[in-house]
Amino acid sequence: MKRERIYILAIESSCDDTSAAVLCNNRVLSNVIANQKVHEEYGGVVPELASRAHQQHIVPVVTSAMKHGGITNDMLDAVAFTRGPGLIGSLLVGVSFAKSLALALRIPLVEVDHLEAHVLAHFIEGQHPIPPPFPFLCLTVSGGHTQIIRVESPFSLDIIGHTIDDAAGEAFDKAAKIMGLPYPGGPLIDKLASEGDPTVIPLAKPNIPDLDYSFSGLKTSFLYHIRDNLVKNPGYIQQNMNNLAAAMQKAIIETLMAKLIKAVKATGIRHVAIAGGVSANSSLRKALTETGHARGWHIYIPEFRYTTDNAAMIGIAALFKYQQSIFSGQDAVPYASSVKRASGNP
Ligand code: KG4
Ligand code: ZN
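Every value quoted in this text rests on a predicted model; they were computed, and no experiment measured them.

Peer 1: A description of the overall build of the protein chain should follow, citing residues and the corresponding values.
Peer 2: A count of helical and extended segments in the protein chain gives nine helices and ten strands. Expected size for 346 residues packed as a compact globule is a radius of gyration near 20 Å; at 20 Å, the protein chain falls within 12% of this value. A principal-axis box enclosing the C-alpha atoms of the protein chain has dimensions of 70 × 45 × 35 Å. A sequence separation of at least 24 residues applies to 72% of the contacts in the protein chain between residues at least 6 apart. Computed over 30 positive and 30 negative side-chain charges, the inter-centroid distance for the protein chain is 2 Å.

Peer 1: Describe unusual backbone geometry, with residues and values.
Peer 2: The linkage connecting Gly84 with the following residue, Pro85, adopts the cis geometry, with an omega of -10 degrees. For Pro85, the position within the fold is in the loop between strand E4 (78–84) and helix H2 (88–105). Residues Phe134 and Pro135 are joined by a peptide bond in cis, for which omega reads -5 degrees. As for its position among the elements, Pro135 is in the loop between helix H3 (114–120) and strand E6 (136–141). Positive phi outside glycine occurs at Ser325, with the angle close to 55 degrees.

Peer 1: Any details on the environment of His293? Residues and values, ideally.
Peer 2: As for its placement among the helices and strands, His293 is situated in helix H8 (residues 282–295). Through-space distance from the C-alpha of His293 to that of Ser100 is 48 Å; in sequence the pair is 193 residues apart.

Peer 1: So what about the packing of helix H1 (residues 47–69) against H2? Which residues, and what values?
Peer 2: Here H1 crosses H2 at 30 degrees, and the two axes come no closer than 8 Å. Compared by their axis directions, H1 and H2 come out roughly parallel. Taken as a pair, H1 and H2 cross one another with a handedness that is right-handed. Here Ala50, Ser51, His54, Gln55, Ile58, Val59 and Val62 of H1 come into contact with H2, specifically with Gly89, Ser90, Val93, Gly94 and Phe97. In terms of residue class, the contact of H1 with H2 is built from six nonpolar, six polar and no charged.

Peer 1: Describe in detail the site of ligand 1, supporting the description with residues and values.
Peer 2: Around ligand 1, a shell composed of 19 residues is seen, among which Gly143, Asp173, Asp190, Gly277 and Asp309 lie nearest. Contact between ligand 1 and His114: an oxygen atom at 3.1 Å from a side-chain N or O atom of the residue. Here an oxygen atom of ligand 1 and a backbone polar atom of Gly169 are 3.2 Å apart. Within the complex, 90% of the 560 Å² of free accessible area of ligand 1 lies under protein. Secondary structure elements with two or more residues in the shell around ligand 1: H3, helix H4 (168–178) and helix H5 (186–193).

Peer 1: Explain the pairing of strand E3 (residues 27–35) to me, and be specific about the residues and the numbers.
Peer 2: Of the pairings in the sheet, the one linking strand E2 (residues 17–24) to E3 comprises eight bridges and is antiparallel in character. Bridge pairing in E3 places Thr18 opposite Ala34.

Peer 1: Lay out the sheet that holds E3 in plain terms, naming residues and giving numbers.
Peer 2: Read across the open sheet, the five strands follow the order E3-E2-E1-E4-E5; overall the sheet is mixed. The open sheet has two edge strands with one neighbour each: E3 and strand E5 (109–113). Taken pair by pair, the neighbouring strands of this sheet meet at an average axis angle of 20 degrees, ignoring direction. Alignment of E4 against E5, held across five bridges, turns out to be parallel. By the bridge assignment for E5, Ala80 is matched with Val110.

Parameters and conventions
- In this convention, every chain numbers its residues from 1, walking through the sequence in written order.
- Key to labels: chains lettered from A, ligands numbered from 1, both in the order written.
- It should be noted that, the model being predicted, local features are given only for residues of pLDDT at least 70 and side-chain atom pairs only at 80 or more, the latter also being counted only at that level, while totals for whole chains, interfaces and linings use all residues.
- Processing note: side-chain calculations cover all non-hydrogen atoms of the structure and skip hydrogens and water entirely.
- We count a stretch as a helix when DSSP gives it H or I for four or more residues in a row; a strand needs E for two or more, and each element gets its number in order from the N terminus.
- Radius of gyration: over C-alpha atoms. The globule rule applied is 2.2 Å multiplied by the number of residues raised to the 0.38 power.
- Residue contacts are defined here by distance: any two heavy atoms, one from each residue, within 4.5 Å place the two residues in contact.
- Residues scored as charged are limited to Lys and Arg (positive) and Asp and Glu (negative), so that His and the chain ends carry no count.
- Charge positions are represented by NZ for Lys, CZ for Arg, CG for Asp and CD for Glu.
- Between N-to-C directions, angles cover 0 to 180 degrees, with each direction set by a line fitted to C-alpha atoms, over the stretch in contact for helices.
- Under this scheme an angle from 65 to 115 degrees is roughly perpendicular, one under 35 degrees roughly parallel, and one over 145 degrees roughly antiparallel; angles in between are oblique.
- Handedness of each helix crossing follows the sense of rotation of the near helix against the far helix: counterclockwise by less than a right angle gives left-handed, clockwise gives right-handed.
- Basically, the charged four are Asp, Glu, Lys and Arg, the nonpolar ten are Ala, Val, Leu, Ile, Met, Phe, Trp, Tyr, Cys and Pro, and anything else, Gly included, counts as polar.
- For each residue, the test is whether any non-hydrogen atom lies within 4 Å of the molecule or strand; if one does, the residue is near.
- Side-chain atoms alone can form a polar contact between residues adjacent in sequence; in general such a contact is a pair of N or O atoms within 3.5 Å, and within protein one must be able to donate a hydrogen while the other accepts it.
- Shrake-Rupley sampling with a 1.4 Å probe provides the accessible areas, and residues are treated as covered by the protein chains on show and by no other component.
- For two strands to be treated as a pair, DSSP must find at least two bridges joining them.

Now the structure itself:
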């Protein structure tokens, strides 16, 4: 018999955020996130420190999610967790916790792919008048990945373009690091760029074939520009912070949008979504809105709270699997990198 209400506790621990969420069907009852400040001074995530912080956060975060969700253990139908991709030491904390809890409560365990969850976050209730219909395209841009995905169903997500080196979020974070800003740099660059002129500083734009991306050349161009100017003026970064941020942001967003336009042309799919941490970027949200309007696309922009890593997106991805009785065993182990490849796109 089909159950009317399905309660899922979801756990996310793939990188530097410990998160737990409770969902009743596609409605989020709670979504608690503990960020890790410890990485700020290092310019990136330190895996060993991240793992330790997850250990400290996991119990209070899950307890808080259950409390704010207003539910008790006996109401839970399943425990969901991120199996990968991510940092193994971080993933292990969430995977082990989820396995133990499911075993203790004698309820099913549902594993979720982190990147698929970013995409499926669009199906969380209350974000769009109607969720994107299948098939749709999703540009997933995060700290570790940059992908254009053709989404045929919740179980069929084909990567039709991806980065061959750095991810878009990584490009933001590395640019921030070069400017002496703390990690994560994306939100800071976004803020500084809003006060800057993006046309003052010339940067070499990536130019690679097909629907793939490359951001390492842009990062090098940014680094060399700053290095050359610092020789002439030691105060160069401080005096040009806003314009530097604006130039870097413009180059990244224009690159992302150019390939997305190409993907729409190549597939004929006009329902276009964005997902992942970089989809919080104001300039990307604006560019998608304007391009969508000009080209007659239907666009789907996630709520801010579902852009960066969160367990609610793990919960919604798990719901699709729960409805098909796709469960995991106690032998599930984390994986570090993406296991899936779209046909013809190694
Ligand atoms: O999806 P996410 O939380 O974690 C991964 O799965 O990687 O993405 C984190 C990334 C970081 O690189 C961060 O700098 C970037 O998303 N980010 C942003 C913004 N907010 C977060 N990048 C540009 N503009 C933003 N507003
Ligand atoms: Zn993510």
